[in-house]
Amino acid sequence: MTKSTIGIGLIGLGVIGGQVAKVLTERADMLSQQAGAKIELRKIKVLPADMDKPIARSFNESLFTTDDDEFFSDPDIDIIIELIGGEKPAYNYIKRALDGRKHVVTANKEVIAKHGLDLMNFAASQGVSLYFEASVGGGIPLINPLQQDLRANNIKGIHAIINGTTNYILTRMSIDGIDFDIALKQAQILGYAEANPNNDIEGIDAVYKLAIMASLAFQYRVKPEDIYHEGISNLDARDFKYAKELGYAIKLLAIALQYDNMIEVRVHPVFIRENTFLANVNGVFNAVSIDGDLVGHVIFSGEGAGPKATSSAVTADVLRACKDVLTSAISKGINLSTQKSLKPISQITTRYYMRLNILDSSGVLASIARVLGQHDISISSVIQKETDDLSKTAEIVIMTHPATSQSVDEAIKELDNLDVVKKIDNIIRVEEL
Ligand code: HSE
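The sections below set out a description of the structure shown in this document.

Criteria and thresholds
Counting restarts for each chain: residues are numbered from 1 in the order of the written sequence. Whole-chain, interface and lining totals are the exception, using all residues; otherwise, since this is a predicted model, local features are given only for residues with pLDDT of at least 70 and side-chain atom pairs are given and counted only at 80 or more. Each side-chain value is derived from all of the structure's non-hydrogen atoms; neither hydrogens nor water enter the calculation. Buried residues of nine kinds, namely Ala, Val, Leu, Ile, Met, Phe, Trp, Tyr and Cys, make up a nonpolar core once their side-chain atoms join them within 4.5 Å. When a residue's accessible area, from a 1.4 Å probe over protein chains only, is under 20% of the maximum for its type it is buried; when over 50% it is exposed; and in between it is partly exposed. A helix here means a DSSP run of H or I that spans at least four residues, while a strand means a run of E at least two residues long, and both kinds are numbered starting from the N terminus. We call two residues in contact when some of their heavy atoms are within 4.5 Å. Each pair of aromatic rings taken from Phe, Tyr and Trp, with Trp reduced to its six-membered ring, is defined by centres within 6.5 Å and is described as stacked if the planes are under 30 degrees apart, edge-to-face if over 60, and tilted in the remaining cases. Any Lys NZ or Arg CZ found within 6 Å of a ring centre and within 35 degrees of that ring's normal is scored as a charge over the ring. Here a salt bridge means any side-chain nitrogen of Lys or Arg lying within 4 Å of a carboxyl oxygen belonging to Asp or Glu. Here the rule is simple: two strands pair whenever DSSP picks up at least two bridges between them. Convention used here: a crossover is right-handed provided that the path from the first strand, over the helix, to the second strand proceeds clockwise when the strands point away from the viewer.

1. A look at the nonpolar core
No. 1: With 81 residues, the main nonpolar core has Leu 130, Ile 158, Ile 162, Met 213 and Phe 271 as its most contacted residues.
No. 2: Sort the elements by how many residues they give to this core and helix α10 (residues 204–218) lands first, with eleven residues.
No. 3: Excluding anything up to four places from it in sequence, Ile 162 contacts Val 136, Gly 137, Leu 142, Asp 205, Ala 206, Lys 209, Met 213, Ala 254, Asn 286 and Val 288.
No. 4: By size, the runner-up hydrophobic cluster in this structure holds 32 residues, among which are Ile 6, Val 23, Ala 56 and Val 314.

Below, the structure written as structure tokens:
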């Protein structure tokens, strides 16, 4: 017999959980109509402290429970939404829900990046589904396109601005010419930086999101620890000044490429040409460019975080899960490729920007060029500004032709040992999109 009511259990009453609970109750009629059955928010699993939050007063107290057994064994709950974030205990809750044959919807990037493929297969073995559209890019559709709409393609590459906090900081540094610390403070005052800003600034948040997208795009297990990453805290106002002079923007990009059965995955600041779409994605906005061999380049862009945008993706997943409940659809899990392998970062080839502080005397440029040449690094252009008369030093910026990470690392070590090189201020990859 077809179900007339689908029961929802929600874990978490934080900013996102509260918003999702509101959408599920305030839009119950519209959502029920779309689902083809009455959608009923039956229980919200909370911590005792959640009940003191102002948002808690918007709901009938009987909805709340702090009792895990009561929540997970409620036979009238068909779909469990996990919105507490972090790896533990969220992972255990998701596992327990799937074990109890509940469909699961989550926005948890850390759990999905670390355990998503296993959880998808576990869900399939239990005859239920696991949806996680909101785990990457808030409300921007990315997971469903990668799992369905783009499936006929061999995905060649993903280039993504997938962390709003860092994109906000880089935008401020670029437009206002301010230093990193000041831009970070502004992001914190505006509430963009998460409780632990390190995850954003060091690129870890983007690593989780890239691991999820690359695993789905390439049908290959890309673990967070496989992804090379650099953060943005070493960037200086001077780098932005030179980038502009040379016709580039600086962005933190998450990059995943697939060619010749090799996979390249990395998150780091890059110079990209200022006339590209991604160079003009500013503030907290996210944008993901996916290159498929049939579809060509498609770009998804919008607000990558925030309660409203995230509730849009979570609720769409709930509707997908409702369809599975009503049709008893069996989720298929994921078949991973065993033919592919990861390219080590040392072998990855890009162009480079190098900013060096050098002694301004004869033969210095020649000795730097010699070291680069010995490591097979070819110079494409050099800028030298006026000498600082007091210190007798000058700043030079070198743009190179493509070189491997390994040869650049080795050359840098050697340059650092030259007496005439006072300081290697920054080395940033240049990406041609
Ligand atoms: N901290 C993330 C960002 C939002 O700044 O984009 C949540 O994924």
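2. Here's the deal with the packing of aromatic side chains
No. 1: Scanning the entire structure with this criterion turns up five aromatic pairs.
No. 2: Directly above the aromatic system of Phe 122 lies the positively charged group of Lys 95, at a separation of 4.7 Å from the ring centroid.
No. 3: Seen from the ring of Tyr 242, Lys 241 lies directly overhead, with NZ or CZ sitting 4.6 Å from the centre.

3. Notes on the pattern of salt bridges
No. 1: For the coordinates displayed, the defined rule picks out 26 salt bridges.
No. 2: For Asp 69, the salt bridge identified is with Arg 96, shortest N-O distance 2.7 Å. Here Asp 69 is found in helix α3 (residues 68–72), whereas its partner Arg 96 is found in helix α4 (residues 90–99), with 27 residues between them in sequence.
No. 3: Asp 69 gets classed as partly exposed once you look at its relative accessible area, which sits at 47%.
No. 4: Three or more residues are tied together by salt bridges with common partners; here these are Arg 238, Asp 239, Arg 355, Glu 395, Lys 423 and Asp 425.

4. A short note on the sheet that holds strand β5 (residues 103–106)
No. 1: The parallel open sheet is built from six strands, whose spatial order is β3-β2-β1-β4-β5-β6. Of all the strands in the sheet, just β3 (64–65) and β6 (130–131) have a single pairing partner and so form its edges.
No. 2: Two elements, strand β1 (residues 5–11) and strand β4 (residues 79–82), share four bridges in a ladder whose sense is parallel. The residue bridging Ile 11 from the neighbouring strand is Glu 82, located in β4.

5. Quick look at the pairing of strand β10 (residues 262–273)
No. 1: The element β10 is largely enclosed, with a buried count of ten among its twelve residues.
No. 2: The pairing of strand β8 (residues 228–229) with β10 spans two bridges and is parallel. The partner of Tyr 228 across the bridge, within β10, is Arg 266.
No. 3: Sheet topology note: the strand β9 (residues 248–259)/β10 ladder contains twelve bridges and is antiparallel. Bridged to Tyr 248 within β10 is Arg 273.
No. 4: What sits between the antiparallel neighbours β9 and β10 is a turn of two residues, in which Asp 260 has the positive phi angle 45 degrees.
No. 5: In this sheet, strand β13 (residues 341–342) lies alongside β10 in parallel orientation, the contact comprising two bridges. Opposite Ile 263, over in β13, you have Leu 342 as the bridge partner.
No. 6: In the sheet, β10 pairs with strand β18 (residues 421–430) via two bridges, with the strands oriented parallel. What sits directly across from Val 270, in β18, is Arg 429.

6. Considering the pairing of β5
No. 1: Residues His 103 and Val 105 of β5 are buried on one face, and the alternating residues Val 104 and Thr 106, pointing to the opposite face, are buried as well.
No. 2: One ladder, built from four bridges, connects β4 with β5; its direction is parallel. Pairing of Ile 79 across the sheet is with His 103, part of β5.
No. 3: Each parallel crossover has a hand, and the one from β4 via α4 to β5 is right-handed.

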